[in-house]
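Commentary on secondary and tertiary structure
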Amino acid sequence: MEDTIFWSRLQFAFTITYHYLFPQLTMGLAWIIVFFKWRHLKTGRELYGNAARFWARIFGINFAVGVVTGIPMEFQFGTNWAEFSRFSGNIIGQTLAMEGMFAFFLESALIGAVVWGEKRLGPRNHFLATVGVALGSWLSGYFILTTNAFMQHPVGYSMGTDGVLHLESLSEFLLNPWAFVVFLHNQCAAVVTGSFVVAAVGAFYTLRGKHPEQARLFLKVGTIVGLAASLLVAFPTGDQQAKIVAKHQPVTLAAMEGHFHTGTGVQLNIIGQPDVDNQRLDNAIYVPDALSFLAFGHFNSSVQGLDAFPKDTWPTNIALLYYSFHIMAGLGTMFILLMILANIQRWRGRLEQSRGLLWVLMLFFPFPYIATTAGWMTAELGRQPWLIYNLFRTTQGVSEVVNGGNVLFTLMGFTGLYFVLGVLFLFMVGREIAHGPQGISATGKLEVSHD
Amino acid sequence: MIEIWYAIVAFMLVMFVVLDGMDLGAGMLQPLVGKTEAERRLVIAAIGPLWSWHEVWLVSFGGTLFAAFPNILAVSFSGFYLALFLLLWGLVGRGISIEFGGHVKDPLWRTGWNFAFVGSNILLAILIGAALGNVVRGVPLDASGKFAMAFFTNFSPFGNVGILDWFTVSVAVFTLVTFAAHGANALVLKTEGPVRERSLRLGKLLWKAVIVLLVIVTVETWQVRPELFSGMKHHPLAWLGLVLVFGGLLAVFTGLSGQREARAMLGSCMFIAGLMIAGASAVFPIMLHSTLAPEHSLSAYQNAAAGKGLAIALVWWPVALIGSVVYSLFIYKHYSGKVKPLEDTQSPY
């Protein structure tokens with residue numbers, strides 16, 4: 001059973017982390033494509049039409065990988081976490097079914113037409129289809145985040161006499177305050193990823209001296225949206241997220257911060273290495289009293305340390321949780337600084353000449369992916385040792401009839417398959433970027449071959 | 001209430017098998033009906049912009065099963081562990097070969113992806129068939145209400161049951177051929193020229209094979225699960241299913257010989273849906289039959305979601321279904337009629 005738990009956790013962690021690399025771009029990029037298409041519809045300028053088609057092709061590649069890596073996620077609830085499914089299916093079955101019924105049907109019906117069907121649909125309907133896909137992807141995000149929010153902060157349920165959870169109130173479950181906060185935080189982060197990728201491609205073309213008009217557009221949209229989203233992801237959404245963790249999972253907050261001993265006027269650790277055995281943080285660089293203020297609004301508020309909680313409720317991997325949180329927060333701060341700088345240069349009309357800054361913008365696109373991954377690791381490692389917070393432990397949830405060897409087999413299968421998928425994905429997107437946003441006709445066909 | 005949810009879950013599975021069976025079948029026939037690369041791309045264009053929507057019926061079936069019968073999902077998904085992952089990997093192969101194969105205009109790239117495409121279609125059809133076979137035959141549920149099964153056994157009619165055994169493999173072969181025949185009808189409807197001619201010829205042949213296999217599988221099922229046939233007497237819906245099966249076959253044969261494409265297409269949808277409706281009605285209320293002892297079987301009545309969940313879901317589910325149909329009609333409207341090679345084949349460079 002130990003083996004099954006270990007490999008099942010690793011398999012879920014690996015497949016969900018890999019999967020989420022793709023939806024975060026499509027959710028962020030979707031609205032940027034909608035914007036290009038809207039400008040195209042209004043102005044009729046091919047600058048916008050080509051921009052929309054170029055990004056729609058990249059969107060399509062991402063979407064395809066997102067779909068095929070997403071289906072295994074839903075199935076793993078039943079295959080690997082059968083006891084969890086049995087225990088909570090009355091509740092989370094609702095949102096997983098809703099995700100399919102409301103969101104996936106919408107997205108899947110329209111995606112083919114969005115990527116390949118501009119001519120079949122005509123400009124207005126094609127615009128509508130693009131809006132539909134964008135809506136569908138955000139809706140899907142909401143349902144899955146509600147599912148996760150129930151695991152983080154269960155509401156709207158009762159414990160049945162049959163030993164499983166029963167749904168009491170759908171509205172309470174769907175309007176879980178945790179889901180609301182995490183949705184805003186997560187969607188802003190997806191827009192950060194989308195806008196940084198758009199800006200990076202703009203910077204690349206500018207540095208190469210190619211597609212100057214498109215490059216200027218991408219830089220402009222990428223940096224404006226990037227600044228707004230980077231700010232929103234920190235404040236108010238990130239701030240609210242931290243407060244809700246402080247309120248409902250105080251032990252998680254303590255572990256995220258490497259805060260071992262309860263006290264007042266607690267410092268906010270910026271850098272340092274947690275030594276869990278000796279309950280201290282090595283080489284700490286910190287801001288005095290700041291954690292008290294951020295968590296509870298007063299510089300002298302008392303913040304519980306890990307020592308205030310029984311050890312069997314501590315997150316199981318405190319060091320990794322601590323680093324995940326600090327990497328996310330540190331990168332988030334850098335995003336804001338970089339985007340402020342880029343926007344200042346752009347307002348001064350100097351961005352296209354600032355080659356150093358363009359290099360940074362071009363090379364920075366992986367970091368939003370790292371930040372969102374670290375953010376999700378914070379949420380999920382922070383939830384441990386529970387599958388459903390304070391109700392159901394991770395060790396209780398695994399399938400009893402599946403042995404560890406079978407899980408290792410499928411985990412290795414996924415590793416190989418996803419490696420191949422990753423190589424193909426990079427090749428395909430690389431080709432699109434190398435080709436550039438020129439001369440893509442309404443059917444997606446290329447009329448003229450450039451350079 | 002529980003009857004309604006049983007019907008909804010069955011409906012979603014029927015929709016998936018009918019719609020995606022068409023795509024899988026057409027995909028399998030790609031090398032046989034498409035002799036040039038342009039013709040092979042035409043097959044993919046005929047599967048069209050909605051293959052992903054078809055696949056979502058499986059995902060939504062899974063979600064709906066989860067909401068309505070969580071324990072059935074938990075028991076069957078963990079019990080069919082390896083087979084389900086093969087199915088998932090097959091879906092990855094199919095989806096990626098459709099989406100990536102079209103992007104690059106290079107003969108080697110195309111050949112590779114066509115191969116992956118056909119291979120994953122065949123794998124998926126076999127696995128879906130085997131899964132249906134397992135549900136029909138039953139699984140070794142014990143007193144704990146769970147089962148774990150070997151992926152395959154020695155294939156002897158007297159040996160232990162496996163996910164793949166003599167019975168489920170023959171159901172899988174039947175499914176494979178039926179999907180191919182169903183896909184041929186779709187290609188006749190959606191294409192013109194040589195692809196259509198070849199699909200028509202193949203279709204006529206395949207449908208004859210379907211009849212032969214139908215007889216064989218029916219006799220085998222009689223051996224494996226006799227109460228399925230006695231159960232039909234008490235379920236009027238099973239009779240409706242049988243009417244659909246025979247009416248569908250009639251429509252297919254008259255449609256194909258009389259060049260009435262739409263009738264043949266409708267007929268093959270009726271045939272597949274009819275078989276599944278008959279099966280689902282005959283086994284009701286047993287959702288998972290135990291091969292070890294009938295009292296270990298899992299019934300819809302004991303395994304439906306408890307509490308208010310089912311009543312609540314009955315409010316939102318129809319709304320979502322209407323939405324889904326509206327989106328697909330919006331797309332069907334734009335893509336009605338024959339595939340247009342210039343507009344509908346993906347544009348590589």
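Parameters at a glance
Residues numbered from 1 in each chain as written. Chains lettered and ligands numbered in written order. Predicted model: local features only at pLDDT ≥ 70, side-chain atom pairs only at ≥ 80, totals over all residues. Helix = DSSP H or I, 4+ residues; strand = E, 2+ residues; numbered from the N terminus. Rg over C-alpha atoms; globule rule 2.2 N^0.38 Å. Buried ≥ 20, exposed ≤ 12 C-beta atoms within 10 Å, placed from the backbone. Contact = placed C-beta atoms within 7 Å. Axes fitted to C-alpha atoms, helices over the stretch in contact; angles between N-to-C directions. Parallel < 35°, antiparallel > 145°, perpendicular 65-115°, else oblique. Left-handed = near helix turned anticlockwise from the far one by under 90°. Nonpolar A, V, L, I, M, F, W, Y, C, P; charged D, E, K, R; others polar. Pairing = 2+ DSSP bridges. Core = buried A, V, L, I, M, F, W, Y, C linked by C-beta atoms within 7 Å. pLDDT = per-residue confidence, 0-100.

1. Some points on the overall build of chain B
The helix and strand inventory of chain B stands at 15 helices and two strands. Scaling as 2.2 N^0.38, a compact globule of 349 residues should have a C-alpha radius of gyration of about 20 Å, and chain B matches this with 20 Å. Overall size of chain B, expressed as C-alpha extent along the three principal axes, is 60 × 45 × 40 Å. Counting every position in chain B, which comprises 349 residues, the buried fraction comes to 58%. The long-range share in chain B, meaning contacts at least 24 apart out of those at least 6 apart in sequence, stands at 74%.

2. Examining the overall build of chain A
Helix and strand content of chain A: 14 helices and eight strands. On C-alpha atoms alone, chain A measures out to a radius of gyration of 23 Å, which is about the 22 Å that the 2.2 N^0.38 rule sets for 451 residues. Dimensions of chain A, computed from the C-alpha atoms along their principal axes, are close to 65 × 50 × 40 Å. Put simply, chain A has 451 residues, and 54% of those count as buried. Taking contacts inside chain A between residues at least 6 apart in sequence as the whole, the part at least 24 apart equals 74%.

3. Digging into the packing of helix H6 (residues 177–208) of chain A against helix H12 (residues 355–363) of chain A
Residue and element names in this part refer to chain A. With their axes 8 Å apart at the nearest point, H6 and H12 run at an angle of 135° to one another. Judged by the angle between their axes, H6 and H12 are oblique. By crossing handedness, the relation of H6 to H12 is classed as left-handed. Residues Ala-199, Ala-200, Ala-203, Phe-204, Thr-206 and Leu-207 of H6 touch H12, and the partners they reach there are Arg-355, Leu-358, Trp-359, Leu-361 and Met-362. A breakdown of the residues in the contact of H6 with H12 according to their chemical character gives nine nonpolar, one polar and one charged.

4. Side note on the interface of chain B and chain A
Taken together, the contact between chain B and chain A spans 57 residues of the former and 61 residues of the latter. With 13 residues, helix H14 (residues 309–334) of chain B is the largest single contributor of residues to the side of chain B that touches chain A. In terms of residue class, the side of chain B that touches chain A is made up of 35 nonpolar, 18 polar and four charged.

5. Brief notes about the pairing of strand E5 (residues 280–287) of chain A
Residues and elements named next belong to chain A. Where strand E4 (residues 268–275) lies against E5, six bridges are found, and the strand directions are antiparallel. Bridged to Asn-269 within E5 is Tyr-286. Turn length for the E4-E5 hairpin, with the two strands adjacent in sequence and antiparallel, is four residues, and the turn residue Gln-279 shows positive phi of about 55°.

6. Let's talk about the nonpolar core
Trp-55, Leu-110 and Ala-200 of chain A together with Val-9, Phe-69 and Leu-187 of chain B are the most contacted members of the largest nonpolar core, which has 271 residues in total. Element by element, the count of residues in this core is highest for helix H3 (residues 82–116) of chain A, at 21 residues. In this structure Leu-110 of chain A touches Ala-129, Gly-132 and Val-133 of chain A together with Tyr-327 and Ile-331 of chain B, once residues within four positions along its chain are discounted.

7. What about the packing of helix H1 (residues 2–28) of chain B against helix H4 (residues 51–68) of chain B?
Residues and elements named next belong to chain B. Where H1 contacts H4, the axes come no closer than 8 Å and their chain directions differ by 160°. Comparing their axes, H4 and H1 come out roughly antiparallel. At the point where H1 passes H4, the crossing takes the left-handed sense. Along its contact with H1, which presents Trp-5, Ile-8, Val-9, Met-12, Leu-13, Met-15, Phe-16, Leu-19, Asp-20 and Asp-23, the element H4 presents Trp-51, His-54, Glu-55, Trp-57, Leu-58, Ser-60, Phe-61, Thr-64, Leu-65 and Ala-68.

8. A word on helix H5 (residues 70–79) of chain B
Counting buried residues in H5 of chain B gives 10 out of 10 residues, a clear majority hidden from the surface. For H5 of chain B, the complete set of buried residues consists of Pro-70, Asn-71, Ile-72, Leu-73, Ala-74, Val-75, Ser-76, Phe-77, Ser-78 and Gly-79 of chain B.

9. A closer look at the confidence of the model for chain A
The predicted structure's coordinates, where accompanied by low pLDDT, should not be read in detail. For chain A, the mean per-residue pLDDT works out to 93, and 97% of the residues sit at or above 70. Per-residue pLDDT stays below 50 along residues 444–451 of chain A; that stretch engages in 16 contacts with residues further than four places along the chain or on separate chains.

10. Some details on unusual backbone geometry
In this chain, Gln-384 of chain A is followed by Pro-385 of chain A through a cis amide linkage whose omega measures 5°. Note that Pro-385 of chain A resides in the loop between helix H13 (366–383) and strand E7 (386–388). For the bond running from Phe-284 of chain B to Pro-285 of chain B, omega is 5°, close enough to zero to count as cis. For Pro-285 of chain B, the location among the structural elements is in the loop between helix H12 (261–283) and strand E1 (286–288). A positive phi angle, near 40°, is found at His-211 of chain A, a position not held by glycine. Along the polypeptide, His-211 of chain A turns up in the loop between H6 and helix H7 (212–234). For His-211 of chain A, a count of 23 C-beta atoms within 10 Å puts it in the buried group. The residue Asp-289 of chain A is not glycine, and still its phi comes out positive at about 65°. For Asp-289 of chain A, the location among the structural elements is in the loop between E5 and helix H10 (290–296).

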